[in-house]
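Chain and residue survey
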Amino acid sequence: MSYEDVFNQVEETLLDILARIDDGDEEAVKELIKIKKYISELNDMLSVVDESDNLESIKAKFDEMSKKFDEFLMAVVKVVG
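Summarised in this report is the structure supplied together with it. (Residues numbered from 1 in each chain as written. Predicted model: local features only at pLDDT ≥ 70, side-chain atom pairs only at ≥ 80, totals over all residues. Heavy atoms only, no water.)

**Quick notes on the overall build of the protein**
On a plain count of helices and strands, the protein comes out with three helices and zero strands. Across the protein, helices and strands are ordered from the amino to the carboxyl terminus as α-α-α. In terms of overall size, the protein is more extended than a compact globule, its C-alpha atoms giving a radius of gyration of 18 Å where 81 residues would be expected to give roughly 12 Å. Projecting the C-alpha coordinates of the protein onto the three principal axes gives extents of approximately 50 × 40 × 20 Å. Counting over 81 residues, the protein shows a buried share of 4%. In the structure as shown, the protein presents an accessible area of about 7,200 Å², 60% of it carried by carbon and sulfur atoms. In the protein, 10 positive and 21 negative side-chain charges are present, and the distance between their average locations comes to 11 Å. (Helix = DSSP H or I, 4+ residues; strand = E, 2+ residues; numbered from the N terminus. Rg over C-alpha atoms; globule rule 2.2 N^0.38 Å. Buried < 20%, exposed > 50% of the residue type's maximum accessible area, 1.4 Å probe, protein only. Areas by Shrake-Rupley, 256 points an atom, 1.4 Å probe, with all protein chains shown as cover. Lys, Arg positive; Asp, Glu negative; His and termini not counted. Charge placed at Lys NZ, Arg CZ, Asp CG, Glu CD.)

Structural data, given as structure tokens:
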């Protein structure tokens with residue numbers, strides 16, 4: 001699946017959800033809130049990527065973030081204990 005296919009599917013899904021909301025579907029509102037949360041989290045994650053990055057530098061950044069998160073979890077485990 002190409003990026004264009006992904007974007008088209010996201011667009012179709014959003015349009016479908018908005019149409020369902022317009023029809024009064026309460027479940028569609030919950031789905032829209034979930035999508036908003038996922039997109040926000042994706043934006044936060046990708047904010048560390050610069051235009052000058054390549055695959056190796058992006059991998060290194062994510063590896064470093066993972067290492068720091070693991071250290072954070074270990075600190076929490078020690079405190080909660």
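**Topic: the pattern of salt bridges**
Under the counting rule described, the total for this entry stands at six salt bridges. Between Lys61 and Asp50 there is a salt bridge; the shortest N-O distance is 3.1 Å. With a gap of 11 residues between them, Lys61 in helix 3 (residues 55-80) and Asp50 in the loop between helix 2 (26-46) and helix 3 connect regions that are remote in the sequence. Looking at Lys61, the relative accessible area reads 25%, which means it is partly exposed. Of the charged contacts in the structure, one is a salt bridge between Asp53 and Lys61, with a shortest N-O distance of 2.8 Å. Overall, the relative accessible area of 18% leaves Asp53 in the buried class. The network of salt bridges with common partners includes Asp16, Arg20, Asp25 and Glu31. (Salt bridge = Lys/Arg side-chain N within 4 Å of Asp/Glu carboxyl O.)

**A word on the side chain of Asp53**
Here Asp53 is to be found in the loop between helix 2 and helix 3. A distance of 3.0 Å separates the side chain of Asp53 from the side chain of Ser57, its partner in a polar contact. (Polar contact = N/O pair within 3.5 Å; in protein donor to acceptor, adjacent residues only side chain to side chain.)

**Details of helix 1 (residues 3-22)**
Structurally, the α-helix is built with 3.6 residues per turn, so residues lying three or four positions apart point the same way. Between its terminal C-alpha atoms helix 1 stretches 28 Å, which fits the 28 Å expected from 20 residues at 1.5 Å a residue. Just beyond helix 1, the residue with positive phi is Gly24, at close to 95 degrees. (Expected span 1.5 Å × (residues − 1).)

**Quick look at the environment of Glu27**
By the secondary structure assignment, Glu27 is in helix 2. Accessibility expressed as a relative area gives 41% for Glu27, which makes it partly exposed. For Glu27 and Ile17, which are 10 residues apart along the polypeptide, the C-alpha to C-alpha distance reads 9.2 Å.

**So, the packing of aromatic side chains**
Within this structure, the stated rule accounts for one aromatic pair. Judged by centre distance (6.2 Å) and plane angle (35 degrees), the ring pair of Phe69 and Phe72 falls under tilted. Of this pair, Phe69 and Phe72 both sit in helix 3, three residues apart, which is roughly one turn of that helix. Owing to a relative accessible area of 48%, Phe72 belongs among the partly exposed residues under this scheme. (Phe/Tyr/Trp six-rings, centres within 6.5 Å; stacked < 30°, edge-to-face > 60°.)

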